[in-house]
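So the chains spell out like this:
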Amino acid sequence: MSDATLPQPQPPAPAAASPLRWLLSIAPTVAAVVAIGLVGYWGHSTDWRMPSFDELVGASVEAETPWCEEHNVPAAECVECQASLLPNAETYGWCDEHGLEPCPLCHPEVVQIESPPVIATQELERVAAVLDLRERAENVVGCPLNAQRVQFASVEAVDKAGIDVDLVQRRALVEAVEANGEITYDQTHLARLASRAAGSLWRVEKSLGDRVSPGDVLALVDAAAVGRAKAELLDALADVDYQQQTVDRLRPLAEEQIIPGARMLESETALQQAEIKLRQAQQSLVNLGLAPPVEELARLSPAQRAERLRLLGLSDELKATLDPESTTSNLLPIVSPIEGEVIRRDAVAGEVVGAQAPLFQVADTREMWLVLSVPTEESAYLMRGQEVRFQAEGLRTPIVGRLDWISTDIDPHTRTVSARAVLENPRGELRSETFGKGRVLLRDDPEAIVVPESAVQWDGSCYVVFVRDRDYFKPDGPKVFHTRPIRRGVSQGGFTEAIAGVWPGEVVVTEGSGVLRSQILKNNLGAGCTCGH
Ligand SMILES: [Zn+2]
Ligand SMILES: [Zn+2]
Ligand SMILES: [Zn+2]
């Protein structure tokens, strides 16, 4: 059929057109007025727009071309009524593997591009991996929009209907589990420091924000318990000395049986008891965080011992700042066990402090924790080692880390699962208690097949797009759009992934796809076929 012999496209004729024509044929003028009223009422109740008077009259007068009322195209071109014009694609049946029908991956000939694509094994593997990655929206077998077609009388009619199209394309796409998160200090590199004995703060050495190394003294507490413990240790050392001397003196006498054996045993027992007391005194100081060098002390004179013990636990550097004569021997240093930064200080010099009252917090901020609260239903997709991107409030660029711990229980209040990533923080820009949005990457796919979001329609049982027929622009080509179920993946940046169902290069309807969908549903609900197929 050439352009010249193409029948003139007709304006849309509603289902009510047939009785309308009959009315017009018996009483053209009067009936038209009545009909307009009737159609107006019908249109009101069905959302159909009432045509203008001219359109109605034109339809009746210029009805020379036989018109397929059911499919709203010239009868001679109707692909539904003239099966030979565009035979229905061979039915391949439901594809179990990809969950749709027809399946362009398994039957590339259904793809509406010039010649069927060759689907590489690699591509089939990619699709299989994407479908396997997590639960995907399922289409219902035999959904009503499956293998349907909508035909237009002409390209102009398509434009007039407000149909707009776009290409199916490949696009980089990230699929992730999204979760709210919070940055905290690395709890394994966080120290809460308290005085181990009650006393008063004698001197504060470090301030908020100061960097400290393991062993650094943050403050000195004047604690009577420390002086007491040191005195007990000195006593115990002296007692051990005395009992040792006694044993040493008596042993030769006992060997020569100058003194009775019982006397010897008595002195040995006394030495053992003195040694026990020494260990107890030593332990008291250890409990205060001060480890006395007992063996070294044992070799010193009593005066040297007192001197050695007086500033126990203080570095030489610190001792150099103290007057050795006047400084109390009660000093208890508060020492950082870790490398880090003073992040909290509740200590003021002179203040009375109780035992265990927290005075400092030191945190190693070179690494911070990101704790995500992952919705329970998403937690199944989490694995250690997955990349996490965290957009913290107040920071421009996302921070990247890797999941290194996933909680084995569910928070009973929030019904979420905690997952943790360690974040590098070399410049110290991450702050504890920063909130933000985290994404645990399941897939970073540079090759995803996508369509514009507006192209995808949900019909209640499957996701479909409308694909333009490959012969659409050929002069004789039917102006047809095919429904095609897709396996819907993620939506991102205005695009929706079609894991399967369409192929790059195909053309899908964007604007107006909703109109096509309701047109088909209306046809399906209608009285059915009037032309015998
Ligand atoms: Zn027809
Ligand atoms: Zn398939
Ligand atoms: Zn028919």
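Residues numbered from 1 in each chain as written. Chains lettered and ligands numbered in written order. Predicted model: local features only at pLDDT ≥ 70, side-chain atom pairs only at ≥ 80, totals over all residues. Heavy atoms only, no water.

A. Main features of the overall build of the chain. From N to C terminus, the chain includes eleven helices and 23 strands. The 533 residues of the chain split such that 42% are buried. Considering only residue pairs separated by 6 or more positions, the chain has 72% of its internal contacts joining residues 24 or more positions apart. Of the roughly 28,500 Å² that the chain leaves accessible, carbon and sulfur atoms contribute 52%. (Helix = DSSP H or I, 4+ residues; strand = E, 2+ residues; numbered from the N terminus. Buried < 20%, exposed > 50% of the residue type's maximum accessible area, 1.4 Å probe, protein only. Contact = heavy atoms within 4.5 Å. Areas by Shrake-Rupley, 256 points an atom, 1.4 Å probe, with all protein chains shown as cover.)

B. Geometry of the side chain of Asn425. Within the secondary structure layout, Asn425 lies in the loop between strand E17 (416–424) and strand E18 (434–452). The class for Asn425 is buried, based on a relative accessible area of 3%. A polar contact of 3.0 Å, which involves the side chain of Asn425, links it to the backbone nitrogen of Leu430. (Polar contact = N/O pair within 3.5 Å; in protein donor to acceptor, adjacent residues only side chain to side chain.)

C. Seen up close, the coordination of the zinc ion (ligand 2). Bound to the zinc ion (ligand 2) are the protein donor atoms Cys95 (SG), His98 (ND1), Cys103 (SG) and Cys106 (SG), situated 2.2 Å from the metal. The site at the zinc ion (ligand 2) holds four donor atoms, and with the angles between them running 100 to 119°, its shape is tetrahedral. On the basis of relative accessibility, which here comes to 1%, the residue His98 falls in the buried class. Looking at Cys106, the relative accessible area reads 35%, which means it is partly exposed. (Donors = N, O, S within 2.8 Å, 3.2 Å for Na, K, Ca; no water. Tetrahedral: all angles 85-135°; square planar, octahedral: opposite > 155°, others 65-115°.)

D. Main features of the sheet that holds strand E9 (residues 217–222). The strand order across the open sheet built from four strands is E10-E9-E7-E12, with neighbouring strands paired in antiparallel fashion. Both edges of this open sheet fall to strand E10 (331–335) and strand E12 (352–353), since each of them pairs with a single strand only. (Pairing = 2+ DSSP bridges.)

E. Quick peek at the confidence of the model for the chain. Summary statistics for the chain give a mean pLDDT of 86 and a share of 86% for residues scoring 70 or more. Residue range residues 1–61 is modelled with pLDDT below 50. Its contacts to residues more than four positions away, or to other chains, number 51 contacts. Between residues 527–533, whose pLDDT stays under 50, and residues either more than four places distant or in other chains, the model counts eight contacts. (pLDDT = per-residue confidence, 0-100.)

F. Here's a closer look at the pairing of strand E13 (residues 358–363). Within E13, five of the six residues are buried, which leaves the element mostly enclosed by the surrounding structure. The sheet contact formed by strand E6 (residues 190–194) and E13 spans five bridges and is antiparallel. Looking across to E13, one finds that Leu190 is bridged to Ala363. As defined by bridge partners, strand E11 (residues 340–345) adjoins E13 across four bridges and the pair is classed as antiparallel. Across the sheet, Val342 pairs through a bridge with Val362, a residue of E13.

G. Structural view of the sheet that holds E11. Judged by pairing direction, the sheet is antiparallel, and its four strands sit side by side in the order E6-E13-E11-E8 without closing on themselves. Two strands bound the open sheet, and with one partner strand each, they are E6 and strand E8 (211–212). Sheet analysis places E8 next to E11, joined by two bridges and oriented antiparallel. Directly across from Val212, in E11, lies its bridge partner Gly340.

H. Main features of the nonpolar core. In terms of nonpolar packing, the biggest core is built from 40 residues, with Leu233, Leu332 and Phe360 touching the most fellow members. Among the secondary structure elements, those contributing two or more residues to this core are E6, E9, helix H6 (224–255), helix H7 (261–287), helix H8 (294–298), E10 and E13. Sort the elements by how many residues they give to this core and H6 lands first, with nine residues. Ignoring anything within four residues of it in the chain, the contact list for Leu332 reads Ser195, Arg196, Ala197, Ala219, Leu220, Val221, Ala223, Val226, Leu288 and Leu290. Core analysis: the second largest hydrophobic core is formed by 25 residues, Leu100, Cys103, Val111 and Ala500 among them. (Core = buried A, V, L, I, M, F, W, Y, C linked by side-chain atoms within 4.5 Å.)

I. Inspection of the environment of Pro104 at higher detail. Mapped onto the elements, Pro104 comes out in the loop between strand E2 (73–74) and helix H4 (121–133). For Pro104, a relative accessible area of 1% puts it in the buried group. In this structure, the C-alpha to C-alpha distance between Pro104 and Arg484, residues 380 residues apart in sequence, is 9.5 Å.

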